[in-house]
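Remarks on the overall topology
For reference, the chains in residue letters:
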Amino acid sequence: MAGRHSLSERGNPLKDALHGDAHAQKSQPVDPTQESGEATAWLPGWERLDSEAATSAIAEAVGLGSTKHASSTTIQNDIPEGLWEGEIAQRSSAARNKAKHARNNPSVLSRVVGVIGELLITAGFVIGLFIVWQVWWTDEANRAQHSKVEQLKEGWQKPPSNSGTVKIGKARTDPPPAVPHTTTVGTAEGLMRIPRFGKDYAHTIEYGTSLKRVLDKGAFGHYEGTAFPGEVGNFATAAHRQTYGAPMRDVDELEAGDPIILETKDAYLVYYMTESSIVSPGQVDVIAPDPKNPSKPQQKATERYLTITTCHPPFVSNERWIVHAKFSHWVDRKDGIPQELAQSQK
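Every value quoted in this text rests on a predicted model; they were computed, and no experiment measured them. (Residues numbered from 1 in each chain as written. Predicted model: local features only at pLDDT ≥ 70, side-chain atom pairs only at ≥ 80, totals over all residues. Heavy atoms only, no water.)

Here we take up the side chain of Gln242. With respect to the element layout, Gln242 can be found in the loop between β6 (233-238) and β7 (259-263). Judged by relative accessible area, Gln242 falls into the buried class, the value being 16%. (Helix = DSSP H or I, 4+ residues; strand = E, 2+ residues; numbered from the N terminus. Buried < 20%, exposed > 50% of the residue type's maximum accessible area, 1.4 Å probe, protein only.)

There is a patch of nonpolar side chains on the surface, built from Val108, Val112, Ile116 and Leu120 and spanning about 390 Å² of accessible area. By the secondary structure assignment, Leu120 is in helix α7 (residues 108-154). A residue is classified by how much of its surface remains accessible, and Leu120, at 60% relative accessible area, is exposed. (Patch = residues over 30% accessible without salt bridge, like charges linked within 9 Å, V, L, I, M, F, W, Y side chains within 5 Å. Areas by Shrake-Rupley, 256 points an atom, 1.4 Å probe, with all protein chains shown as cover. Salt bridge = Lys/Arg side-chain N within 4 Å of Asp/Glu carboxyl O.)

So, on to the pairing of strand β8 (residues 267-279). Bridge count for β7 against β8 is five bridges, and the pairing is antiparallel. Pairing of Ile260 across the sheet is with Tyr271, part of β8. Linkage of β7 to β8, two consecutive antiparallel strands, is achieved through a turn of three residues. Here β8 runs beside strand β10 (residues 319-332); their pairing, made up of twelve bridges, is antiparallel. Bridge pairing links Met273 to Ala325 in β10. (Pairing = 2+ DSSP bridges.)

As a further point, take the layout of surface pockets. Of the volumes computed, that of the largest pocket is approximately 680 Å³. For the largest pocket, the lining is made up of 28 residues, of which Lys153, Arg193, Asp200, Tyr201 and Ala202 are closest to its centre. Here the lining of the largest pocket takes seven residues from α7, the largest share from any one element. Of the residues belonging to the lining of the largest pocket, the class tally is eleven nonpolar, six polar and eleven charged. Computed from the structure, the second largest pocket encloses a volume of approximately 270 Å³. Lining the second largest pocket are 18 residues, with Tyr223, Ala238, Thr309, Thr310 and Arg320 sitting closest to its centre. Of all the elements in the fold, those that place two or more residues in the lining of the second largest pocket are β9 (304-312) and β10. Broken down by element, the residue count for the lining of the second largest pocket peaks at three residues, all from β9. (1 Å grid on protein atoms, 1.4 Å probe; cavity = no way out; pocket = protein on both sides within 12 Å on 5 of 7 lines; lining within 4 Å. Points joined across faces, edges and corners; volume = space filled by probe spheres on them. Nonpolar A, V, L, I, M, F, W, Y, C, P; charged D, E, K, R; others polar.)

Structure (structure tokens):
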């Protein structure tokens, strides 16, 4: 056929490339105007391929399939003698276009995996920020609490000691000293001590349950309208479990019979835990004057109770963990400290 020459007749650029002569082909490309005057196609980009890449490209271009275990000599021998350069160029271009299309049009699975990956990275970043925020704020609340506890104790009489050992005071069951009533939110009423949480555990008890002014400072908040410490009725309090000092972080470790001690200016009031329960946030009868008989009004209450409410479960907080305790006895500060507190400090 006029104007066409076989590879064997014209000098075979395929064989030259397979023999690693890509540079020579780049410097001396086929003259598109030579011989018959009909343009002769050249494999675009061949001069940029190393021998391995050239082998793979040529094999795909001529339809020989994978070259993973094939040598350049095998491919060279398998090239049909009558394969025209124009046909080779057309197949090579089609192969490149196919690869480009695959890169520009990822599969649905690839897109889904990509989206999931981005979401996981974002979630990890957000969780990391939350942990940093929680640790920082908890540490800040703890420092603030420690300072306030020390300031409060400085204004109180220190319990007597014997040779450096704090004296254990006599347990009394008569009515304890009254705590001054206040209506000012944030006013300190005493300290909450729970030996189960450690010998140095102490958090302020402050009037009101304002988040900003009381609870977020790591304090126990006294529910307005409930009894004051040591009084007949229910002295009800609230505290955080997972942030801002988290004074009730280990609430799930408390057991019936554990002592809970309210330290005031004049006395130590000792309560013993009776039970705990998990309720919905709207179940307000847990802070009634008599939790066992919620319908009983304050004026008919006969027992001294302590209630602590906190969030549950951690980081969800759609329920409330309730701790109930009943008054046992009190110890005058001038006489010493309770046996229950002394045992926790050993």
